[in-house]
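Summary of the model geometry
The residues making up each chain are set out below.
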Amino acid sequence: MSALTPLGVYISVPFCKAKCSFCNFASGVGTAEKMAAYVKTLCAEMDAAAATSERLGAELTRRVDTVYLGGGTPSLLEPGQMERVFAALRRNFDVDGDAEVTMEAAPGQISDPSLEMAMRLGVNRVSLGVQSFVDRESQAVGRSHTGESCLAEIARLRRAGVKEVAADLIAGLPYQTAASWEYSLGAAVASELTHLSVYMLEVDEDSRLGLEVLAGGVRFHAHGVPSDEVSAALYEQACEALEAEGFGQYEISNFARGREHESRHNRKYWERGAYVGFGLDAHSMLMRQGPGSRAQGSEGVRVANVEELGGYGAATWGGGVVRVGVDEAFEESLFLGLRLCEGVDVAGLRERFGSRVETVEGAVGELASGGLMVEEGGRWKLTLRGRMVSNEVFGRLLEGVAV
Ligand code: SF4
């Protein structure tokens, strides 16, 4: 990365119409007043970005080639609010004419005026939180849409001229079975979606559903959540079925109908590209200032914004600031790179990180013997089985790094 490498910009809009039971994001139901105040702070934060990055000693390039409005449900912004957010973006950054500009949306929650405005402002990719095309499953987790309304939304977006329409699906929802999952995957494939993200349900203490599953309760349809083994089998089913239907897998959770439909913005996360995040719980990864910084073992700076709306203020990037040294950069290059199906270039790793690479070679060998990793064409990759247990694989590699 250098001062000339274009940035990705992430903008968080953490408001939703209702809170889904599985959701562990920093998002909540917001009032119109809260949204208006938030947009004001967000714009002020963008206006202060240059000064804030200067204070952190981080390099902030003006040129931007990807923008991602996530959340939350940014499609709930009023047209005037969208206009203000994009005006702040364009005041502070130079967005490429062919930039990828994504907006997340909930099916049925993009009004005609908001869609029109979003497209006028340059949004060319909409990512829909479908989760399931089976009504019983989506309704069990608190979504208000049906499979049919999702398909109608996809068609409407394409008709309106949105270039890329993406959707998220979740494996492991309450009541999901191999047959119902096959139906969801089939509906996705038969639609005009160009990109799919498939996540495994996260059962943890950060969501109401996760808490209930852990407690062995029945609220939020927790008793209908399939076992870990079944969820893993559903994920495997998705990888195989989507590949067979022309949705190539390029990352642990991501599939595209051809390379040109891959998410350019998300690739920055896995390739350790530079990006800056604004808004609640937004994250940034920026290079350190100064031409010699990498040689001096100082790679960059990661910043996490606060997670609580009450503590969110402009001009702060007020969460945690982590300096990324060479050791951290090595770990990140390995773990983020392995998320991509193309894996990591071993010679490139050696060139940049020298003997650090040796610390993981033993673990790579063992994982390869166990069928979880493979070395192919000078690259380390996860196998399909490795992708299914990626956290275990990363844990095993980390042991090598820590020795
Ligand atoms: S719409 Fe998305 S961000 Fe909002 S509660 Fe549901 S999963 Fe969470």
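Residues numbered from 1 in each chain as written. Predicted model: local features only at pLDDT ≥ 70, side-chain atom pairs only at ≥ 80, totals over all residues. Heavy atoms only, no water.

A separate point is the site of the ligand. Surrounding the ligand, one finds Cys16, Ala18, Lys19, Cys20, Phe22, Cys23, Phe25, Ser27, Gly72, Thr73 and Arg143. Of the residues that constitute the shell around the ligand, the class distribution is six nonpolar, three polar and two charged. (Near = heavy atom within 4 Å. Nonpolar A, V, L, I, M, F, W, Y, C, P; charged D, E, K, R; others polar.)

On the surface, Glu202, Glu205, Asp206, Glu307 and Glu308 cluster together into a patch of negative charge. Summarising the element assignment, Glu307 is placed in the loop between strand S13 (298-304) and strand S14 (321-325). (Patch = residues over 30% accessible without salt bridge, like charges linked within 9 Å, V, L, I, M, F, W, Y side chains within 5 Å. Areas by Shrake-Rupley, 256 points an atom, 1.4 Å probe, with all protein chains shown as cover. Salt bridge = Lys/Arg side-chain N within 4 Å of Asp/Glu carboxyl O. Lys, Arg positive; Asp, Glu negative; His and termini not counted. Charge placed at Lys NZ, Arg CZ, Asp CG, Glu CD. Helix = DSSP H or I, 4+ residues; strand = E, 2+ residues; numbered from the N terminus.)

In this section: the sheet that holds strand S16 (residues 373-376). Strand order in this open sheet of three strands is S15-S17-S16, and the pairing throughout is antiparallel. Whereas interior strands pair on both sides, the edge strands pair on one side only; in this sheet they are strand S15 (344-345) and S16. One ladder, built from four bridges, connects S16 with strand S17 (residues 379-382); its direction is antiparallel. What sits directly across from Glu376, in S17, is Arg379. (Pairing = 2+ DSSP bridges.)

Our focus in this paragraph is the packing of aromatic side chains. Overall, the coordinates contain eight aromatic pairs when judged by the stated rule. Plain terms: the ring middles of Phe93 and Phe278 are 6.0 Å apart, the flat faces sit at 55° to each other, and that makes the pair tilted. Residue Phe93 is found in the loop between helix H3 (79-92) and strand S5 (94-105), and its partner Phe278 is found in strand S11 (residues 275-278); the two are separated by 185 residues along the sequence. Phe278 shares its class with Phe93; the two are buried. A ring pair is formed by Tyr250 and Trp270, whose centres lie 6.1 Å apart and whose planes are at 70°; its orientation type is edge-to-face. Pair noted here: Tyr250 is in strand S9 (residues 248-251) and Trp270 is in helix H10 (residues 264-270), with a separation of 20 residues, a long-range link. (Phe/Tyr/Trp six-rings, centres within 6.5 Å; stacked < 30°, edge-to-face > 60°. Buried < 20%, exposed > 50% of the residue type's maximum accessible area, 1.4 Å probe, protein only.)

Let's shift gears to the pairing of S9. Relative to strand S10 (residues 254-256), S9 runs antiparallel, the two sharing three bridges. In the sheet register, Gln249 faces S10, and the bridge partner there is Phe255. Counting the residues between successive antiparallel strands, the hairpin from S9 to S10 contains two residues.

Geometry of a packed helix pair, given as the angle between the helix axes and the separation of the axes. Close contact between H3 and helix H4 (residues 112-120) brings their axes to 9 Å; oriented N to C, the two are set at 20°. With respect to their mutual orientation, H3 and H4 come out roughly parallel. For the pair H3 and H4, the sense of crossing is right-handed. Across the interface between the two elements, Pro79, Met82 and Glu83 of H3 pack against Pro113, Ser114, Met117, Ala118 and Arg120 of H4. Residues that form the contact of H3 with H4 fall into these classes: five nonpolar, one polar and two charged. (Axes fitted to C-alpha atoms, helices over the stretch in contact; angles between N-to-C directions. Parallel < 35°, antiparallel > 145°, perpendicular 65-115°, else oblique. Left-handed = near helix turned anticlockwise from the far one by under 90°. Contact = heavy atoms within 4.5 Å.)

So, about the layout of surface pockets. There is about 440 Å³ of room inside the second largest pocket. Forming the boundary of the second largest pocket are 22 residues, of which Trp270, Glu271, Arg272, Ser333 and Arg352 lie nearest the centre. At the level of secondary structure, the elements contributing two or more residues to the lining of the second largest pocket comprise H10, helix H11 (326-339), S15 and helix H12 (346-353). Ranked by residue count, the leading element in the lining of the second largest pocket is H12, at four residues. (1 Å grid on protein atoms, 1.4 Å probe; cavity = no way out; pocket = protein on both sides within 12 Å on 5 of 7 lines; lining within 4 Å. Points joined across faces, edges and corners; volume = space filled by probe spheres on them.)

Domain boundaries assigned for the chain yield domain 1 (7-267) and domain 2 (343-403). Here domain 1 packs against domain 2, burying approximately 550 Å² in sum over the two surfaces, 76% of which is carbon and sulfur. Area buried by domain 1 at its contact with domain 2 is led by Tyr235, Glu236 and Ile252, which between them contribute 62% of it. In this assembly, domain 1 and domain 2 are joined by zero salt bridges. Linking domain 1 to domain 2 there are one residue pair in polar contact (both at pLDDT 80 or more). At five residues, helix H9 (residues 228-244) tops the list of elements feeding residues into the side of domain 1 that touches domain 2. Broken down by class, the residue content of the side of domain 1 that touches domain 2 amounts to five nonpolar, one polar and two charged. (Domains from an automatic or database assignment. Buried area = accessible area lost by both parts, 1.4 Å probe. Polar contact = N/O pair within 3.5 Å; in protein donor to acceptor, adjacent residues only side chain to side chain.)

With that settled, the discussion passes to the environment of Leu173. Within the element layout of this structure, Leu173 appears in the loop between strand S7 (164-171) and helix H7 (178-190). As a C-alpha pair, Leu173 and Gly395 span 222 residues in sequence and 26 Å in three-dimensional space. Those residues in contact with Leu173 that lie beyond four places of it in its chain are Gln131, Ser132, Glu137, Val141, Leu201, Gly224 and Pro226.

What follows deals with the nonpolar core. Across soluble globular proteins, you tend to see nonpolar side chains buried next to one another. Leu334, Trp380 and Leu397 are the most contacted members of the largest nonpolar core, which totals 97 residues. Split by domain, the residues of this core number at least three in each of domain 1 (7-267) and domain 2 (343-403). Residues in contact with Leu397, not counting those within four places in the same chain, are Leu334, Phe335, Leu338, Val360, Ala363, Val364, Leu367 and Met373. (Core = buried A, V, L, I, M, F, W, Y, C linked by side-chain atoms within 4.5 Å.)

Look at H9: 24 Å from first C-alpha to last across 17 residues, which is about the 24 Å you get at 1.5 Å a residue. The first or second residue beyond H9 is Gly246, which carries a positive phi of 90°. (Expected span 1.5 Å × (residues − 1).)

So, about helix H2 (residues 49-56). What sets the pattern is the α-helix's 3.6 residues per turn: residues three or four places apart point alike. Listing the buried residues of H2 in full gives Ala49, Thr52, Ser53 and Leu56. All buried residues of H2 fall inside an arc of 95° around its axis, so they share one side. Away from the buried face of H2 by more than 90 degrees, exposed residues Ala50, Ala51, Glu54 and Arg55 are located. With its phi angle positive at about 70°, Gly57 sits one or two positions after the end of H2. (Arc of directions from axis to C-beta.)

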